[in-house]
Amino acid sequence: LRRIGILYEKATKLAMTSLNSRPFTVLVEGNIGSGKTTFVEHFKQFEDISLLTEPVEEWRNLRGWNLLDLMYKDPAKWAMTFQSYVAMTMLEMHRRPTSTPVKLMERSLYSARYCFVEHMRKEGTIHPAQFAVLDEWFRFIDREIPIEVDLIVYLRATPSVVYERIRKRARSEEQCVPLSYLEALHSLHENWLVNRTHAECPAPVLMIDADLDLSQITEEYKKSEHQILRQAV
Ligand code: DCP
């Protein structure tokens, strides 16, 4: 009887998901090294959530080519190529169907455009014509392809804190990342998610203090659980 009860509950959830036709979709955003992957992995314990971690490994190995490394080593030559591939992998994640009522996704087309591409435009890393092509792609996708977002979790961290974390995790491609770059990315996240200087912020923002270290951060993550899980009917 217990088994039948569980099966019935699962079937009801599935039916409700397909009735609602799409999952409650949460984007996890924040500076490099702010703990996005750790945040997403915290939700592994809940079965009603699909977790989509960022495809960094795909960026590091596209048919044997490490685009992330090429971009950091020679941004003038590779930033455009890298960002166009990032956009494709992000779009694939936005569109990936799920069978659960909640979908938790690391990063998005939006942070790619409003933080990373915006920084490259401001700094002149990409030519204005290259920026125009990336921006036209972004506008086209935004206009023509449904990308549903219900909540953005912003892991807000101090640039010097993430600088230390990046140094410690020692991802080979990121060895050249200076503090000034993290400061610039921080302001761009703030502009997008807090000051709302872009017309587009596709959902309400839940802010989390991401400066805390691993031993304390679980408590901080727990605070967001009810906002995310209450959608898992
Ligand atoms: N990156 C980029 N342009 C993007 C997205 C990411 O240049 N549109 C780069 C920055 C980092 C690497 O890709 O070098 C991964 O960055 P993220 O901040 O997306 O992921 P992290 O692994 O740093 O996340 P966290 O440490 O918060 O889990």
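Before going into details, it helps to say that this report is about the structure given with it. Everything numeric in this text was worked out from a predicted model, so none of it was measured. What you see as residue numbers is a count from 1 along each chain, following the sequence as written. A pLDDT threshold of at least 70 governs which residues receive local features in this predicted model, and a stricter bar of 80 or more applies before side-chain atom pairs are shown or counted, although totals over entire chains, interfaces and linings include all residues. No hydrogens and no water enter the side-chain calculation; it runs on all heavy atoms of the structure.

Side note on the sheet that holds strand β1 (residues 24–30)
Here is step 1 of the chain: When DSSP finds two or more bridges between two strands, those strands count as paired. Each helix is a run of H or I in the DSSP string that is no shorter than four residues. Each strand is a run of E no shorter than two, and both are numbered from the N terminus. Reading across from one edge, β2-β3-β1-β4-β5 is the order of the five strands in this open sheet, with parallel pairing throughout. Sheet topology places β2 (49–52) and β5 (205–209) at the edges, where each strand pairs with a single neighbour. Ignoring strand direction, the axes of neighbouring strands in this sheet form an average angle of 20 degrees.
Here is step 2 of the chain: Across five bridges, the pairing between β1 and strand β4 (residues 151–156) is parallel. Bridging from a neighbouring strand, Glu29 pairs with Tyr154 of β4.
Here is step 3 of the chain: Two residues qualify as a contact provided that any one of their heavy atoms is within 4.5 Å of a heavy atom in the partner residue. In this description, a line fitted to the C-alpha atoms serves as the axis of each element, helices being fitted only across the stretch in contact, and the angle between N-to-C directions of two axes falls anywhere from 0 to 180 degrees. Lying over the sheet, helix α10 (residues 214–229) contacts β1, β2, β3 (102–106), β4 and β5, oriented at roughly 165 degrees with respect to β5.

Section: the site of the ligand
Here is step 1 of the chain: The ligand sits among 22 residues. The nearest are Glu54, Tyr72, Arg107, Arg169 and Glu174.
Here is step 2 of the chain: In protein, a polar contact requires one atom able to donate a hydrogen and another able to accept it; more generally it is a pair of N or O atoms within 3.5 Å, and residues adjacent in sequence count only if both atoms are side-chain atoms. Between the ligand and Arg107, the relevant distance is 2.6 Å, taken from an oxygen atom to a side-chain nitrogen or oxygen of the residue.
Here is step 3 of the chain: One of the side-chain nitrogen or oxygen atoms of Arg169 is found 2.7 Å away from an oxygen atom of the ligand.
Here is step 4 of the chain: For every accessible area listed, the method is Shrake-Rupley and the probe measures 1.4 Å; residues are considered covered only by the protein chains on display. Bound to the protein, the ligand loses 98% of the 580 Å² it would expose on its own.
Here is step 5 of the chain: Here a cavity denotes a set of grid points, spaced 1 Å apart and computed over the protein atoms alone, in which a 1.4 Å probe fits but from which it cannot get out, and a pocket denotes an open set meeting protein on both sides within 12 Å along at least five of seven lines; residues with an atom within 4 Å of a point are reported as lining. Cavity and pocket membership follows a simple rule, namely that a molecule belongs there if more than half of its atoms are within 2 Å of the grid points. Of the pockets mapped on this structure, the ligand occupies the largest pocket.
Here is step 6 of the chain: Of all the secondary-structure elements, those providing two or more residues to the shell around the ligand are α2 (36–42), α4 (67–73), α5 (75–95) and α6 (109–123).
Here is step 7 of the chain: Classes in brief: Ala, Val, Leu, Ile, Met, Phe, Trp, Tyr, Cys and Pro nonpolar; Asp, Glu, Lys and Arg charged; the others, Gly included, polar. Tallied by class, residues from the shell around the ligand come to nine nonpolar, six polar and seven charged. When we say a residue is near a molecule or strand, we mean one of its heavy atoms is within 4 Å of it.

Observations regarding the pairing of β1
Each regular strand shows side chains that alternate between the opposite faces of the sheet.
Here is step 1 of the chain: Summarising burial for β1: seven of the seven residues are buried, a large majority.
Here is step 2 of the chain: Whether a residue is buried, partly exposed or exposed follows from its accessible area with a 1.4 Å probe, protein chains only, as a fraction of its type maximum: under 20%, in between, or over 50%, in that order. Side-chain alternation along β1 places Phe24, Val26, Val28 and Gly30 on one buried face and Thr25, Leu27 and Glu29 on a second face that is also buried.
Here is step 3 of the chain: With five bridges joining them, β1 and β3 adopt parallel strand pairing. Residue pairing for β3: Phe24 is matched across the bridge by Val102.

Overview of helix α8 (residues 159–169)
Here is step 1 of the chain: Buried residues of α8: Pro159, Val162 and Ile166, and no others. Axial view of α8: buried residues confined to an arc of 65 degrees, hence all on one face.
Here is step 2 of the chain: Residues of α8 that are buried make contact with α9 (179–193).
Here is step 3 of the chain: Of the residues one or two after α8, Ala170 is the one with positive phi, at around 50 degrees. The directions considered for the arc are those from the helix axis to the C-beta atoms.

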